[in-house]
Each structure stands twice: as C-alpha cells, then as structure tokens.
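# Examining the three-dimensional arrangement
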Amino acid sequence: MKLRIAILSGDGIGPEIMCQGVAVMNAIAKKFGHQFEYEEAICGAHAIDLVGDPYPEATHQVCMRADAVLFAAVGDLKYDNDPTSPVRPEQGLLAMRKQLGLYANIRPVTTFDCLLHKSPLKDELISGADFVVIRELTGGMYFGERYQGNDRAFDTDVYTRPEIERILRVGFETAMRRHRHLTVVDKANIMATSRLWRQIAKEMEAQWPEVTTDYLFIDNASMRVLTEPRFFDVIVTENTFGDILTDETSCITGSMGLQPSASLGEHTPLFEPVHGSWPQATGQNIANPLAQILSAAMLLEHFGLNEEGALVRHAVEASLAANVRTPDIQVEGGAVYGTKEVGQWIVDFILN
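Below is a short write-up of the structure. Predicted model only: the values in this text are computed from it and were never measured. (Residues numbered from 1 in each chain as written. Predicted model: local features only at pLDDT ≥ 70, side-chain atom pairs only at ≥ 80, totals over all residues. Heavy atoms only, no water.)

### Regarding the overall build of the protein
Looking only at helices and strands, one finds 14 helices and 12 strands in the protein. For 352 residues, the compact-globule estimate of 2.2 N^0.38 gives 20 Å, and the protein sits close to it at 20 Å. Once the C-alpha set of the protein is aligned to its principal axes, its extents read approximately 55 × 50 × 40 Å. By the burial criterion, 55% of the 352 residues in the protein qualify as buried. Restricting to contacts in the protein with at least 6 residues of sequence separation, those with at least 24 account for 75%. With 30 positive and 47 negative side-chain charges, the protein shows a spacing of 3 Å between the two charge centroids. (Helix = DSSP H or I, 4+ residues; strand = E, 2+ residues; numbered from the N terminus. Rg over C-alpha atoms; globule rule 2.2 N^0.38 Å. Buried < 20%, exposed > 50% of the residue type's maximum accessible area, 1.4 Å probe, protein only. Contact = heavy atoms within 4.5 Å. Lys, Arg positive; Asp, Glu negative; His and termini not counted. Charge placed at Lys NZ, Arg CZ, Asp CG, Glu CD.)

Structure below.
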C-alpha cells in the first residue's frame, strides 16, 4: 500500500517521540512492502515563532493532500504562564480539528498486566479494563462564543442536532463492533445542551436494538471510570466532558504515555498520543514514545493494515515485558532506556 502521511511534530517532546513513530512506520513499510511518503509541517508554538500562526494555511494544505496526519503535541511554557497571550499553541490544534472536520475523537483505554502496579488504583479494579471513549471534538464550549474582561468572562456551550446525531452514530456503530454496550455521558439534570444530547440519544436507540444503552451524569461517570472501569464498553460524550474524562483514564493505564488516539471526520484522519508536549523534558531523551507508536498502529489499522497494526502492538507489549521502558514506567532497579533506545528496540523487534 502507498500512503502519504503529514507529519506534525509540534512542540516540546513532540519531535523526539515523532522520530520513533516514523521509525516504526518505516520498519513496517520495509517488512510488508508498503510505501509511506512523509511531508512535514509546522504547528503550535513552533509555528507561532516562525509565522505568527499556530496552524498556518500551508500546514492545512499539507494535511488536506495527505491520506493521514501523524501528530505529536503542542504547547510551550511561555504561553502556559501568560494567560493574556492573544495567540496560543492550542488554538492551532482546535483550528486543525475544525478545518479538517475531525468531529470524532476515539481513545481506547486498555491495561497491560505488567504495568498494573503503575496505576494508583488497585489491581483488582483495573485488571481486564478495556473500553473506548468517543469524544465530540468540534463543538461545545471550546468553539462557542467567548469573552474575557477584567471582571467578567463567559464561554458558550452550543450543540446542534446534526452535530449530536453524527457523534452518537459513531458511538452506536463502535458498540456494535465491540460488546454492544453504549454509555452516554452528559449533565442532563443541569445543562440544556445535555438534555438535547439525551433526547436525541433516546430517539436513536431504536435504530440499534442490539445495543444496551445507558446514561450517566458526568460526575457519576467520572467516579465509576475509576471504581468500576470494567463496567464500560463504549462511552460517548461532548467535547469538554470528554477532554476531562479521557485524561482521567490515565489512572487506569498507569501513564498517559501509553494512550494513543484517532480523530476522524470529514477530511484527513489524524492520529496522536493523548499526552501533552511536556516542555520540561525537551531534549532529555526521557519521553515515553509508546503512545506515539501506538497511534501509528491505529493509523495502520484505519487503512485495513490489521496485521501490521497487530505487529506494532505486539512489539510494544514485548518491550514492556522485557522491561525496555523509559523512566516513567520502568520497574525499580531496571535498566535505563531513553526515548531513542525504546524506539530502536521496537524497530528491531519488528524487523527480526
């Protein structure tokens, strides 16, 4: 297969983990006879420094002519520490999602037996947890009208029926491919947008009678994700709730450095780790590349390259079992491996 892939490394540790993601893609191409062509583009703080725009038009055009986007992370401390800055790296990420029409964020949550001890939760709670969070990505407060003054500010939460229907459809269809259990997460006891979400979900239930559909308020769902993670199969929710809920799931995996994601919609699909840019670790060769590598696996599987994706996942699991790990997840007394060393071990495993 021939694929054209846009490479957006972004800021902080982004370039370091992206190198490992691309190296794994190249190993897969070599082993299976595929042809992957890459085109790099700037985004985030790096793009602001160069052209004053976190998602410039040239970058958008690179994404539009690609078959897929492999993205790393954006963010920089100089913007985090300046809340008055009119242009921020994260605005580029929002602009990219909106302009590419990436309305469905897919985040799998799974556990590795050899890493259960890294979770702050008890082993018996999280062992065997395996669910997917589907987050609506282009609506809600992140894109509504907003205002900030010295004494008053507001963010507007707006959703339309077509936006809700299309993301719920992704939720129901995903549940049909898994264990046929869908949980709709909202705040329908307080918020008008959530009541519309619940109304539409109940209308759509009849189209998927094989799926068991239940409803949880976000506060209850946040608790049960940590106390009963095996209850869930597929969760679907709105933008803000999904952002918070998916970060919370890192307590289950034991590290955000293990969580990949896909963002799908109207144009080029995007694949990225869920962690941030961790600017404090830039250039230190300590960042965990596994989420980036697993995002590459999701990219391969999106295009039907299931054997290739499975091999990448097997290589990641083998590296963990062999204690070839970055410091954040290494066992006590284990050997020291950096970002590059973990990536190279996985490449060698794939090719051997």
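### Section: the environment of L299
As for its position among the elements, L299 is in helix 12 (residues 290-302). A relative accessible area of 0% places L299 in the buried class. Here the alpha-carbon distance between L299 and S222, two residues 77 residues apart in the chain, equals 28 Å. Apart from the residues within four sequence positions on either side, L299 is in contact with L3, I5, M25, A68, L70 and F271.

### Structural notes on the side chain of R107
Topologically, R107 is positioned in strand 4 (residues 104-110). A distance of 2.7 Å separates polar atoms of two side chains, one belonging to R107 and the other to N105. Contacts of R107, omitting those with residues within four sequence positions, involve F131, V132, V133, R135, T246, D247, P260, S261 and V274. (Polar contact = N/O pair within 3.5 Å; in protein donor to acceptor, adjacent residues only side chain to side chain.)

### Here we look at the environment of I164
Note on placement: I164 falls in helix 7 (residues 161-177). Considering only alpha carbons, one finds I164 and K78, 86 residues apart in sequence, at a separation of 36 Å. Ignoring any residue separated from it by four or fewer positions in sequence, one finds I164 in contact with Y159, L196, W197 and I200.

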